[in-house]
Amino acid sequence: SFFETYGNAVQEAIAPGTPALTSEGTGAAEILKRIGMSYCVVDMSDYQKILRKVRTLSKKRVPALARMKLAELTLPSHVQATLLARIEKHLRLS
């Protein structure tokens, strides 16, 4: 992902264990960092680094713990609770 704000491609790849790369500033980057996979967030203008990452990650699977964390973060109940908390915080600050 180069500039997608939040697509499902990264999640869909990671869920069964396939590594995926994304760029800083995307919603997917935030998720990858939260599940301990910040090494998959790359500078998309550094083509040599991308190539090295692809070569390295193509030989690996996503760790089970990261997949479990991803599943927890994307549960509808978790997403709803997070969204409500942010709205309530915003309303208190307004």
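Owing to the predicted nature of the structure, the values given are computational and were not obtained by experimental measurement.

Conventions adopted
- As a convention, each chain's residues are numbered from 1 in the sequence order in which they are written.
- The predicted nature of this model means local features are confined to residues of pLDDT at least 70 and side-chain atom pairs, given and counted, to a pLDDT of 80 or more, with totals for whole chains, interfaces and linings taken over all residues.
- Where side-chain values are given, they derive from all heavy atoms of the structure, hydrogens and water being excluded.
- Helical segments are the DSSP runs of H or I of at least four residues, strand segments are the runs of E of at least two, and each set is numbered from the N terminus.
- To sort residues, take the accessible area from a 1.4 Å probe on protein chains only and compare it with the maximum for the residue type: under 20% means buried, over 50% means exposed, and anything in between is partly exposed.
- Contacts are assigned to residue pairs that have any heavy atoms within 4.5 Å of one another.
- The protein chains shown are the only cover counted for residues, whose accessible areas, like all others here, come from Shrake-Rupley with a 1.4 Å probe.
- Note on charges: Lys and Arg go in the positive column, Asp and Glu in the negative column, and His and the chain ends are not counted at all.
- A charge is said to be at NZ when it belongs to Lys, at CZ for Arg, at CG for Asp and at CD for Glu.
- Note on definitions: salt bridges are taken to be side-chain nitrogens of Lys or Arg within 4 Å of carboxyl oxygens of Asp or Glu.
- The nonpolar core is taken to be a set of buried Ala, Val, Leu, Ile, Met, Phe, Trp, Tyr and Cys residues, with the residues joined through side-chain atoms within 4.5 Å.

**Q** Any details on the overall build of the protein chain? Residues and values, ideally.
**A** Looking only at helices and strands, the protein chain has five helices and two strands in total. When the elements of the protein chain are put in sequence order from the N terminus, they spell out α-β-α-β-α-α-α. For the protein chain, the spread of C-alpha atoms along the principal axes amounts to about 45 × 30 × 20 Å. The buried share of the protein chain, reckoned over its 94 residues, is 30%. Partitioning the intrachain contacts of the protein chain with sequence separation of at least 6 by distance along the chain shows that 40% fall at a separation of at least 24. Carbon together with sulfur atoms contributes 60% to the accessible area of the protein chain, which is approximately 6,500 Å² in total. For the protein chain, the separation between the mean place of its 14 positive charges and that of its 8 negative charges on side chains is 8 Å.

**Q** Just give me the short version of the pattern of salt bridges, but keep the residues and values in it.
**A** A complete count under the given rule lists two salt bridges for this structure. In this structure, Lys33 and Glu24 form a salt bridge, with 2.4 Å as the shortest nitrogen-oxygen distance. Judged by relative accessible area, which is 40%, Lys33 ranks as partly exposed. In this structure, Arg86 engages Glu30 in a salt bridge whose closest nitrogen and oxygen atoms are separated by 3.9 Å. Within this pair, whereas Arg86 is found in helix α5 (residues 76–93), its partner Glu30 is found in helix α2 (residues 27–34), the two being separated by 56 residues in sequence. Taking the relative accessible area as the measure of exposure, Arg86 reaches 51% and is therefore exposed. The exposure class of Glu30 is partly exposed, given its relative accessible area of 39%.

**Q** Give a description of the nonpolar core that names residues and reports values.
**A** Formed by 21 residues in total, the largest nonpolar core has its most connected members in Val10, Ile14, Leu21, Leu32, Ile35, Met37 and Cys40. At the level of secondary structure, the elements contributing two or more residues to this core comprise α1 (9–14), α2, β2 (41–42), α3 (47–57) and α4 (64–73). Beyond its immediate chain neighbours, meaning those up to four positions away, Leu32 contacts Val10, Ile14, Ala20, Thr22, Met37, Ser38, Cys40 and Val41.

**Q** Lay out the environment of Tyr6 in plain terms, naming residues and giving numbers.
**A** Considering the arrangement of structural elements, one finds Tyr6 in the segment before α1. On the accessibility criterion, Tyr6 (36% relative accessible area) is partly exposed. In this structure the C-alpha to C-alpha distance between Tyr6 and Ala64, which are 58 residues apart in sequence, comes to 23 Å. Beyond its immediate sequence surroundings of up to four residues, Tyr6 is in contact with Gln11, Gly27, Ala28 and Ile31.

**Q** Before we move on, could you go through the environment of Met37 and cite the residues and values that matter?
**A** By secondary structure assignment, the location of Met37 is in the loop between α2 and β2. When the C-alpha positions of Met37 and Pro63 are compared, they lie 9.3 Å apart, and in sequence the two are 26 residues distant. Contact partners of Met37, with chain neighbours within four places excluded, come to Ile14, Leu32, Val62 and Ala66.

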